[in-house]
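Chains, contacts and geometry: an overview
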Amino acid sequence: MTSSLLKEGTKYLQGITGAVIQNLEAVQELSKVTRTSLGPNGMNKMVINRHGKLFVTNDAATIIREIDVVHPAARMCVMASDQQQSEIGDATNLVVVLTGELLAQAQSLLQMGLHPSDVIRGFEKSGEEAAKILDASVIETVTEYNTETVARCIKSAISSKVNAYDNLFSNLVAQACIGILPDDPKRFNVDNVRVVKVTGGSVSDSFLVRGAVIMRDSEGTIKQANNARVAVFTHGFEISKTDAKGTILVEDAAELETYNNTEENKMEEKIKAIADAGVSVVVCGGTISEMAMHFFERYNIMVVKTASKFELRRICLATKSRGSMTLACPTAEELGYVDSCKVQEWGSTKVIVFEQKPETQCTISTIVLRAATNNVMDDIEKAIEDGVNTFKGLVRDGRFLAGAGAAEIGVASKIKSIGESTPGQDQYAIKKYAEAFEVVARILSTNAGLDSTEVVSKLYSKHAEGNATWGVDIEGDVFDAQAAGILDHLATKQTAIRLATNAAVTILRISQIIMSKPCDVPVPGGSPGGTMGSMDQDAAM
Amino acid sequence: MSAISMLTRGQSDIISALQALTYNINAAKGLQGVLETNLGPRGTMKMLVSAGGDIKITKDGNVLLKEMQIQHPSASLIARASTAQDQITGDGTTSVVLLIGELLRQAERYLADGFHPRVLTDGFLLAKEHCIKLLEQFKVTKTLDHELLCSVARTSLRTKVHAALADKLTGIVVEAVQTIRKEGEVLDLFMIEIMAIQQHSDVNSRLVKGIVLDHGARHPEMPKSLKNAFILTCNVSLEAEKPVGDVVEQYKTAAEREEFVNQERKFVDDRVAKIIDLKRLVCGGDPDKSFVIVNQKGIDPASLDMLAAEGILGLRRAKRRNMERITLACGGTAVNSVEDLSADVLGFAKSVFEQSVGEEKYTFIEGVDNPFSVTILLKAPNKYTILQMKDAIRDGVRAVKNAIDDGCLIPGAGAFEVAAALELKKLQETIQGRAKYGVQAFAEALLVIPKTLATNSGFDTIDTIIKLEEGARQHVVGLDIQTGEVCDPVTEGIYDNYIVKKHFLEATTLIASQLLQVDEVLKASSDKQQA
């Protein structure tokens, strides 16, 4: 009856079986997609997005973004994971997997006949408890930032993406981050660790540059400058123009020639002033006129052009210079300095490298990534991003937990005992919430080809004996994660749990769904009804 | 079907007599069916998915009615009446739909017995008049202290968002209204700005006594955090502008051209210099004082450069609405020309700082002495929570405003409906004639509110109504949704707005009567069908 009230094509779903269970199942489907990608042994997914672009990745954020999830409840789970990405930048998969698992547990409770509001209450209560338990299970607090400690802390974030090269990259990232750490560590900016991808070579050839790398050639014939003063101009280097229409007033040929001469003199005057200030590298944010180029060459100045405002800003950061608006010679404060600036050729790519010596202070560092294919580089780039984000988390809050599923099993066993001592209907939900946390250990062991039930039960018994740092050893069996140096960042985990709980609870709160008829948006670059479209559907539903 | 079909073009639908009534009644019942699970703090959420795939999660009747595209004409009539209720009072939308549905449901029984609709509507009218009289006796007039306002806001908010969030928002909403309240003046709710940041969790929201602007400085060298800031609000273009009209500049040498370029630039530079002069005047050399300029027009990079060199924070392209708010929050006046610059036009704030969240930048102007404009800063991890909170805040603020405007409150938790139903039943005995049946139907229908509250909270409807009716014979009672027992809404702090209830009675009676008096539904064929 109700549906006849609404506009044609509108879907109206109601009640536990109609709306709630359907929502729960959708989210579980989604988490099934990403769960095999969790951890160092996680599998890659080949995702072809709606534009036909191919991704081979095990990064959950990418997978769920590119498969274009349409189911509204599953979309909420995607949003939670997006939020994790923007707040923390790591552990997006944990959010999806945990939400899926929580809802799987909730489903069994609802089918038992429990009212959703009781489940919600239990989940909320346990969510708060979980945060407290994690607070209490911190095993290491990092306050000093040396390469060795930092590399150890970010290793688990990186190894979950590129297991084979985790040592190399955790060291590179650690050095990159520490090298540019400002006096107040909390002001560390993740954008100042750049990644430049140059195809060719092998992954192990990747290295770190203290400074900026620009993927283009310099303008003139001068390709190198050492111990150079740098002048940065935010605009192009051309003759200035008036805002109003300008007309050159010439009456005869001689006047035209004088005019041209005055233009040339003016330009030379400017460039000479720059050269006199000791500048040997000029960076411009726009076109450089032929005439200017001529004088730059004459005064032996290396010229770098970049169209990107952000790149310009990075060069400023790397050389400690300030972009100048006008074409007048920059003041002493505006000028920057670079130890070495030269054009290099990597593979067949020409790049300009602004590099500072270790003793010169520098606010930007660049990791040069070498690999045979773009897919590999994209994946490593994400691993580096995760690592840098973990470092950001580390300087804000240096507390770490035992990794390898140890912290999750700890939460599971403690919440279970809380559930047992709770009176009322919500105790079932609390116990199920605890059970959901086993999922991490289960997936880690399944992905490593182990018997998950056996591993989980072993872990429980270890934790019951008081060995709260034991986790899953992906080489087989269980081990002490702390001793093995596998650490997880506390705030990352807490945020992931909070977001997952929040998403699960919100989805459980919904009792009716009213869906308007989706408008047909034409899919650019592919037929909407073709094989691609149906694949999206499969993945999303 | 009838002769009318000859009068119209194409195939028009005509439904008449009893069929038309059934058509309307079904629409009302259908809508009631959709909305009934919304009612009360334990009502459940609905998920709305728009054609574009955007998600909205709500249990606010008003939002729901607006978003779900209703096609049925009678249903959309009811929906419009209910949204009107929201526009006027800010609350009670769900109740309106429920009562209209229930009135028609009750009427259906009598119609089946052969009653003429007019008889019933007369009774409805009589009942309504009586209810309004009763409402006057029922209202509680107390001094509206902070606690009482909190009770009203909480009652309204709890029906929109989950309890923990509602309690958090209650404090924010009440404080916001109290801050902008000027004695003897009408409350202007537009002075409460809502700013949403997608970050952290919903309970991190707070009230900013000042302004939050959703943009930051566009110059990397500008200060990110300032103390004791003088604030200049202006609407002056600090951009190089093309001269008006056709101007041609003629030059013979590059030096002359350069001169022109400099002259053009100077025009803007002079303005900036004036602002810098003012800054030097008010701040002196004191490093603890600082200067902020908020400009409605643009500031070009060269001017930003000059300002940055002076340590001035320059914000450009501020929204028109914010300009007014800034002066209300921090004092000062907005100037339209650099000629008007003086120390008197400046506002003052203890702290101005910039915060970036992902790609977005926000500027907070806080610590002002006597703010008449405040910002509610909402934080939530996702869009749908932000939307939900925005809607809830709107209603919460309205509830507080209503309470202040009315100067009185009505005990909530279904107390009024139960008491009114009892009174009407007494009245019914004294009425002569056929109108008594209308009154009876109205009395029964009113009970839909406590009944639905009970159902949504998981209690037995019949038991609850019996308990409530028995309790109401002695004193004012409402339903305790946690225990299912009767409670005293006054001691529990559950209050509704007087105007909401009043409008609720007026609107429902009117719409229900109108729908009952329809005996023919004529629907012209749509143009599409003809084509």
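Residues numbered from 1 in each chain as written. Chains lettered and ligands numbered in written order. Predicted model: local features only at pLDDT ≥ 70, side-chain atom pairs only at ≥ 80, totals over all residues. Heavy atoms only, no water.

**Overview of the nonpolar core**
For the record, the criterion: Definition used in this section: a nonpolar core is a set of buried Ala, Val, Leu, Ile, Met, Phe, Trp, Tyr and Cys residues joined via side-chain atoms within 4.5 Å. Buried means the residue's accessible area, taken with a 1.4 Å probe over protein chains only, is under 20% of the maximum for its type, while exposed means over 50%, and partly exposed covers the values in between. Any two residues whose heavy atoms approach within 4.5 Å are treated as being in contact.
Residues Leu30(A), Val119(A), Phe123(A) and Leu508(A) are the most contacted members of the largest nonpolar core, which totals 80 residues. The contacts of Leu30(A), once residues within four sequence positions are left out, are Ile64(A), Ile67(A), Val69(A), Ala74(A), Cys77(A), Val78(A) and Val96(A). Counting 73 residues, the second-largest nonpolar core is a separate cluster that includes Leu104(B), Cys131(B), Phe416(B) and Val418(B).

**Some details on helix H16 (residues 490-509) of chain A**
For the record, the criterion: By definition, any uninterrupted DSSP run of H or I lasting at least four residues is a helix, any uninterrupted run of E lasting at least two residues is a strand, and each is numbered from the N terminus. Each helix should span, by expectation, one fewer than its residue count multiplied by 1.5 Å.
Between its first and last C-alpha, H16(A) extends 28 Å over 20 residues, near the 28 Å set by a 1.5 Å rise per residue. Across the 20 residues of H16(A), 18 count as buried, placing the element largely inside the fold.

**So, the sheet that holds strand E8 (residues 224-233) of chain A**
All names here are of chain A. Under the convention used in this document: One bridge is not enough; two strands pair if DSSP finds at least two bridges between them. Axis definition: a line fit to C-alpha positions, over the contact stretch in the case of helices; interaxial angles, taken between N-to-C directions, run 0 to 180 degrees.
Spatial strand order, E7-E13-E12-E8-E10-E11: six strands in an open sheet with mixed pairing. Edge positions in the sheet fall to strand E7 (211-214) and strand E11 (302-305), since each has one partner strand and no second. Along the sheet, successive strands turn relative to each other by an average axial angle of 35 degrees, direction set aside. One ladder, built from four bridges, connects E7 with strand E13 (residues 349-355); its direction is antiparallel. Across the sheet, residue Val213 finds its bridge partner in E13, namely Val353.

**Comments concerning the pattern of salt bridges**
Residues and elements named next belong to chain A. As a reminder of what qualifies: Any carboxyl oxygen of Asp or Glu within 4 Å of a side-chain nitrogen of Lys or Arg constitutes a salt bridge here.
According to the stated counting rule, one finds 53 salt bridges over all chains in the structure shown. Lys223 is the salt-bridge partner of Asp217, the closest N and O atoms lying 3.2 Å from each other. Owing to a relative accessible area of 31%, Lys223 belongs among the partly exposed residues under this scheme. As a salt-bridge pair, Lys493 and Glu408 come within 2.8 Å of each other at their nearest N and O atoms. With a gap of 85 residues between them, Lys493 in helix H16 and Glu408 in helix H12 (residues 406-420) connect regions that are remote in the sequence.

**What about the packing of aromatic side chains?**
Residues and elements named next belong to chain A. To be explicit about the condition: Two rings from Phe, Tyr or Trp (for Trp, the six-membered ring) form a pair when their centres sit within 6.5 Å of each other. Planes less than 30 degrees apart are called stacked, planes more than 60 degrees apart edge-to-face, and all others tilted. As a reminder, the over-ring test applies to NZ of lysine and CZ of arginine, requiring each to be within 6 Å of the ring centre and within 35 degrees of the ring normal.
Throughout the structure, instances matching the rule amount to 11 aromatic pairs over all chains. Arranged with centres 5.0 Å apart and planes meeting at 70 degrees, the rings of Phe237 and Phe296 form a pair that is edge-to-face. Pair noted here: Phe237 is in the loop between E8 and strand E9 (245-248) and Phe296 is in helix H9 (residues 290-298), with a separation of 59 residues, a long-range link. Given the relative accessible area of 0%, Phe237 is considered buried. The buried category is assigned to Phe296, whose relative accessible area is 0%. Three or more aromatic residues joined by ring pairs make a cluster, and in this case those are Phe123, Tyr433 and Phe437. Across the ring face of Phe310, the terminal group of Lys309 is positioned such that the distance to the ring centre comes to 5.8 Å.

**Focus: the environment of Leu103(A)**
Assignment of secondary structure puts Leu103(A) in helix H4 (residues 92-112). When the C-alpha atoms of Leu103(A) and Ile248(A) are compared, they prove to be 75 Å apart, with 145 residues separating the residues in sequence.

**Quick word on the sheet that holds strand E9 (residues 290-295) of chain B**
Residue and element names in this part refer to chain B. Across the sheet, six strands lie side by side as E6-E12-E11-E7-E9-E10; this open sheet has mixed pairing. Only two strands of the sheet have a single partner each, and these edge strands are strand E6 (210-213) and strand E10 (313-315). For this sheet, the mean inter-axis angle between neighbouring strands, taken without regard to orientation, is 30 degrees. Bridge analysis of E9 against E10 gives three bridges, and the strand direction is parallel. Paired with Ile293 across the two strands is Gly314, which belongs to E10. Strands in contact with helix H9 (residues 254-283) are strand E7 (225-234) and E9; relative to E9, the strand with the most contacts, it is inclined by about 145 degrees.

**Structural notes on the confidence of the model for chain A**
Note the cut-off: Confidence of the prediction at every residue is given by pLDDT, a number between 0 and 100.
Residue-level pLDDT values for chain A average 81, and 95% of them are 70 or greater. Below pLDDT 50 for its whole length, residues 523-541 of chain A participates in 20 contacts with residues either more than four positions away or in separate chains.

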